[in-house]
Amino acid sequence: MLQIKLGIELASLRLPLKQGLLTARELGAEAVEIDLRNELRPDDLTRTGVRHLRKMLDDLNLRISAVAYRTRRGYATSDDLEARIEATKRAMTSAYELGTNVVVNAIGRVPPEADTRATSLMVEALSEIGRHGQKVGALLAAETGAESGDELAALIAKLPHGSIGVDLNPANLIVHGHSPRAAAQALAEHVLHVHATDATRDLSLGRGIEVPLGQGNAEFPELLGILEEHQYRGYITISRHDSEASIADVQQSLTFLRNL
């Protein structure tokens, strides 16, 4: 059976780092996701800083489910691409030092087949990032969203085996008009990390909106069933952004997932 290991995205708690870790422990999480752009920066993580943070995590009996390193642009955009690749590599090295092998980022819109230049840029960039990841022991997990599961799977097929993985984010998919179920089926073998998010399509607004877990169209029991078929062993990390009571919503999400 699928072993559900629950994490909390610290950014969802809207608290300073140390207070966020204490709150995550009080809520009963097993792990946390840390943002390496806004909560910690790879350039600031000295050996002493890494040891201090890992001791703090050990004292609270917490692990790191993933680190987020969301770049301002994707990997098919030539502007500052080399700097973006190098920054991603540093985040991957820091992730491994902190005790996780998953770095989450939105890789940018997957170019259409006809755009051979953009496709080539993205494939070369992700291949280089993948080689670094295999060297340091942490992989980039492409966050689902702008493209369908089939489109992302087709891109991964163009890369050397094991270059990148996938972060399954159901709310992102729903907001962009895609099916989480179809994405899970297309990408399950590549999923390294799951964000526990939910959303629904608001017909009056003509767009998708994030909602509390279990109140949207994500169908988490079904998604977990698909992952179980592919022996998923990673974390399920709760993320909640559009909320006026974020800690209460995170607690509700923990309860919802435990009840599954």
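Quick note: structure is the one above.
What counts and how
- Residues numbered from 1 in each chain as written.
- Predicted model: local features only at pLDDT ≥ 70, side-chain atom pairs only at ≥ 80, totals over all residues.
- Heavy atoms only, no water.
- 1 Å grid on protein atoms, 1.4 Å probe; cavity = no way out; pocket = protein on both sides within 12 Å on 5 of 7 lines; lining within 4 Å.
- Points joined across faces, edges and corners; volume = space filled by probe spheres on them.
- Nonpolar A, V, L, I, M, F, W, Y, C, P; charged D, E, K, R; others polar.
- Axes fitted to C-alpha atoms, helices over the stretch in contact; angles between N-to-C directions.
- Helix = DSSP H or I, 4+ residues; strand = E, 2+ residues; numbered from the N terminus.
- Parallel < 35°, antiparallel > 145°, perpendicular 65-115°, else oblique.
- Contact = heavy atoms within 4.5 Å.
- Expected span 1.5 Å × (residues − 1).
- Buried < 20%, exposed > 50% of the residue type's maximum accessible area, 1.4 Å probe, protein only.
- Arc of directions from axis to C-beta.
- Pairing = 2+ DSSP bridges.
- Salt bridge = Lys/Arg side-chain N within 4 Å of Asp/Glu carboxyl O.

### Observations concerning empty space enclosed by the protein
- For the coordinates displayed, the defined rule picks out 1 cavity of 30 Å³ or more.
- Roughly 40 Å³ of internal volume is contained in the largest cavity.
- Forming the boundary of the largest cavity are Ala196, Thr197, Asp198, Glu210, Val211, Leu213, Ile238, Ser239, Arg240 and Ser253.
- For the lining of the largest cavity, the class distribution of residues is 4 nonpolar, 3 polar and 3 charged.

### Side note on the packing of helix 8 (residues 180–187) against helix 9 (residues 220–229)
- Between helix 8 and helix 9, the least distance of the axes is 10 Å, while the angle of their chain directions is 5°. The pairing of helix 8 with helix 9 is recorded here as roughly parallel in orientation. Counted together, Pro180, Arg181, Ala184 and Gln185 of helix 8 and Glu222, Leu223 and Ile226 of helix 9 form the full contact between these two elements.
- Here the contact of helix 8 with helix 9 is built from residues that sort into 4 nonpolar, 1 polar and 2 charged.

### Topic: the layout of surface pockets
- Approximately 390 Å³ is the volume found for the largest pocket.
- Every residue lining the largest pocket is counted, 24 residues in all, and those nearest its centre are Glu143, Thr144, Asn169, Asn172 and His176.
- Of all the elements in the fold, those that place two or more residues in the lining of the largest pocket are helix 7 (170–175) and strand 9 (207–211).
- When the residues that make up the lining of the largest pocket are grouped by side-chain class, the tally is 6 nonpolar, 11 polar and 7 charged.

### Things to note about helix 10 (residues 246–259)
- End to end, helix 10 covers 20 Å across 14 residues, agreeing with the expected 20 Å (1.5 Å per residue, within 8%).
- For helix 10, the set of buried residues is Ser246, Asp249, Val250, Ser253, Leu254 and Leu257. Looking straight down helix 10, one finds its buried side chains confined to an arc of 145°; they lie on one side.
- As for helix 10, its buried residues are in contact with strand 1 (5–9), helix 1 (10–13), helix 2 (17–27), strand 7 (191–196), helix 9 and strand 10 (235–238).

### Things to note about the sheet that holds strand 1
- Read around the closed barrel, the 8 strands follow the order 1-2-3-4-5-6-7-10; overall the barrel is parallel. On average, each strand axis in the sheet is tilted by 30° relative to the strand beside it, whichever way the strands run.
- Summarising the sheet, strand 1 and strand 10 pair through 4 bridges and their orientation is parallel. The residue of strand 10 that forms the bridge with Gly7 is Thr237.
- Running over the sheet, helix 9 touches strand 7 and strand 10 and is turned about 170° from strand 7.

### Examining helix 9
- For helix 9, every residue scored as buried is listed here: Phe220, Leu223, Leu224, Ile226 and Leu227. Considered in projection along helix 9, the buried side chains sweep an arc of 155° and stay on one side of the axis.
- Packed against the buried residues of helix 9 are helix 7, helix 8, strand 7, strand 10 and helix 10.
- Immediately beyond the C-terminal end of helix 9, within one or two residues, lies Gln231, with a positive phi of roughly 55°.

### Let's talk about the pattern of salt bridges
- Evaluation of the coordinates by the stated rule reveals 11 salt bridges.
- The partner of Glu210 in a salt bridge is Arg240, with the nearest N and O atoms 2.6 Å apart. Of the two residues, Glu210 sits in strand 9 while Arg240 sits in the loop between strand 10 and helix 10, which places them 30 residues apart along the sequence.
- Overall, Glu210 belongs to the buried group, its relative accessible area being 16%.
- For Arg240, a relative accessible area of 6% translates into the label buried.
- Arg240 is paired through a salt bridge with Asp249; the nearest N and O atoms lie 3.0 Å apart.
- When salt bridges with common partners are traced through the structure, they connect Glu86, Lys89 and Glu128 into a single cluster.

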